[in-house]
Amino acid sequence: MRITGVPAGWPATEAAARAVQDELRGRVVLDEPGPPPGTGRVTGVDVAYDDARDLVAAAAVVLDAATLDVVAEATAVGRVSFPYVPGLLAFREIPAVLAALEALPSPPGLVVCDGYGLAHPRRFGLASHLGVLTGLPSIGVAKNPFTFTHDDPPRARGTSAPLRAGGEEVGRALRTRDGTRPVYVSVGHRVSLDNALAHTLALTPRHRLPETTRRADALCRRALREAAQGQFAGPGQDSSTDPSPDSSTRQAPTS
DNA sequence: GCGACAG
DNA sequence: ATCTTGTCGC
């Protein structure tokens, strides 16, 4: 599978991007509980950038929700499609993420994003946007606070405090390890907030961040530096150094 | 008007 | 996100 730098019809201005969010926002499904935590598959997605070389690399890593073992993974490399603008992160990350998800050899199940879903200025962050475009259940687990107010949850793992915006609860600050900073969980698409929290706790038996995002982060960084090396080597006869957008897939060793 | 602001 | 050494702690 190949991806282009910027998909046809992709918004080119901030105003156009906001208009897309306002139009797609209504397609978010909030009345489904989502898949039961600890069962089926859970997929982490993440993106790494090399703005100087205009390169972007995305990774999708599928885990068995019960064992957290890697079941499958895929990467996609392309050109940057949008600058980083708070509130418009999805337009920067989604093209590459979609390409990586499409390159997977097996169904993603629940998608865990690095960022926000409903806890967004227009209630349509990356996790919700990706969920609507794919139809997959999705949640957002962010490392840093964004547009909302909240109190710090108690010190113990498993405790949480509401994320409030415009009087409504748009997510929860969740402590995934005793004494460490909380992560910020919000619903993306077709998952309840309680289930999003339960999934996040199931994915953090040992670290602050979910295993899904840790795996995806490591993989997209590796894909990026390999792509950068290929570009540095320049166009050649060796297919492994081809600079054109590309993606790859791998099945986890079975048994 | 000014500051803040996922990755 | 990314630039970056050593260092404190589980």
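Just so it is clear, the model here is predicted, and its values are computed rather than measured.

Definitions and limits used
Starting afresh in each chain, residues are numbered from 1 along the sequence in its written order. Each chain is given a letter, starting from A, and each ligand a number, starting from 1, according to the order in which they appear as written. Only residues with pLDDT of at least 70 are given local features in this predicted model, and only at 80 or more are side-chain atom pairs given and counted; all residues enter the totals for whole chains, interfaces and linings. For the side-chain quantities, the full set of heavy atoms in the structure was used; hydrogens and water were omitted. Strands here are runs of E lasting at least two residues and helices are runs of H or I lasting at least four, both read from the DSSP assignment and numbered beginning at the N terminus. Here the term buried applies to any residue with accessible area under 20% of the maximum for its type, exposed to any over 50%, and partly exposed to those in between, with areas from a 1.4 Å probe on protein chains only. Residues are treated as being in contact if the distance between any of their heavy atoms lies within 4.5 Å. Using a 1.4 Å probe, the Shrake-Rupley method yields the accessible areas, and only the shown protein chains count as cover for residues. Think of a salt bridge as a Lys or Arg side-chain nitrogen and an Asp or Glu carboxyl oxygen that are within 4 Å of each other. UniProt positions are given in the numbering used here, feature names are shortened, and annotations may be inferred rather than shown by experiment. When we say a residue is near a molecule or strand, we mean one of its heavy atoms is within 4 Å of it. N or O atoms within 3.5 Å of each other form a polar contact, as long as, within protein, one can give a hydrogen and the other can take it, and as long as residues adjacent in sequence are counted only when both atoms are side-chain atoms. Gly is placed with the polar residues, together with every amino acid not listed as nonpolar (Ala, Val, Leu, Ile, Met, Phe, Trp, Tyr, Cys and Pro) or charged (Asp, Glu, Lys and Arg).

1. Remarks on the overall build of chain A
Part 1: For chain A, the helix and strand inventory stands at five helices and nine strands.
Part 2: The proportion of buried residues among the 255 residues of chain A is 52%.
Part 3: The long-range share in chain A, meaning contacts at least 24 apart out of those at least 6 apart in sequence, stands at 67%.
Part 4: About 11500 Å² of surface is accessible on chain A, with carbon and sulfur atoms providing 51% of the total.

2. Comments concerning the pattern of salt bridges
Part 1: Evaluated as defined, the whole model comprises 15 salt bridges.
Part 2: The salt bridge partner of Arg 25 is Asp 22, with a shortest N-O separation of 3.1 Å.
Part 3: A relative accessible area of 33% places Arg 25 in the partly exposed class.
Part 4: In this structure, Asp 64 engages Arg 41 in a salt bridge whose closest nitrogen and oxygen atoms are separated by 3.5 Å. One end of the pair, Asp 64, is in strand β2 (residues 55-64); the other, Arg 41, is in strand β1 (residues 41-50), with 23 residues separating them in the sequence.
Part 5: Overlapping salt bridges bring together Glu 211, Arg 214 and Arg 215 as one network.

3. Some words on the UniProt feature "site: Interaction with target DNA" (unreviewed entry) in chain A
Part 1: Feature annotation in UniProt places "site: Interaction with target DNA" (unreviewed entry) on Tyr 84, given in this structure's numbering.
Part 2: Residue position: Tyr 84 is located in the loop between β3 (70-78) and α2 (89-102).
Part 3: For Tyr 84, a relative accessible area of 51% puts it in the exposed group.
Part 4: Contacts of Tyr 84, omitting those with residues within four sequence positions, involve Leu 89 and Arg 92.

4. Observations regarding the protein's contact with DNA strand B
Part 1: Around DNA strand B, the surrounding shell holds 19 residues, and the nearest of these are Tyr 84, Gly 87, Tyr 116, Lys 143 and Asn 144.
Part 2: In the interface set of DNA strand B, defined as its atoms within 4 Å of the protein, sugar plus phosphate atoms amount to 46%.
Part 3: Here His 120 contributes a side-chain N or O atom positioned 3.4 Å from a base nitrogen of DNA strand B.
Part 4: Its residues placed into classes, the surface near DNA strand B shows nine nonpolar, five polar and five charged.

5. Details of the protein's contact with DNA strand C
Part 1: As a structural note, the neighbourhood of DNA strand C is formed by Ala 48, Tyr 49, Lys 143 and Arg 221.
Part 2: Contact distances for DNA strand C include 3.4 Å between a phosphate oxygen and a backbone N or O atom of Tyr 49.
Part 3: Side-chain polar atom of Lys 143 to a phosphate oxygen of DNA strand C: 3.0 Å apart, as the coordinates give it.
Part 4: Residues of the surface near DNA strand C, tallied by class, amount to two nonpolar, no polar and two charged.

6. Here we look at the UniProt feature "binding site: Mg(2+)" (unreviewed entry) in chain A
Part 1: With numbering matched to this structure, UniProt assigns "binding site: Mg(2+)" (unreviewed entry) to Asp 46 and Asp 114. Taking the farthest pair of C-alpha atoms as the criterion, the annotated set spanning 69 residues converges on one region, since that pair is 6.3 Å apart.
Part 2: Note that Asp 46 resides in strand β1.
Part 3: Setting aside anything within four residues of it in sequence, one finds Asp 46 in contact with Ala 57, Ala 58, Ala 59, Asp 114, Ala 216, Asp 217 and Cys 220.
Part 4: Tracing the chain through its elements places Asp 114 in the loop between β4 (110-113) and α3 (126-134).
Part 5: By relative accessible area, which is 15% here, Asp 114 ends up buried.

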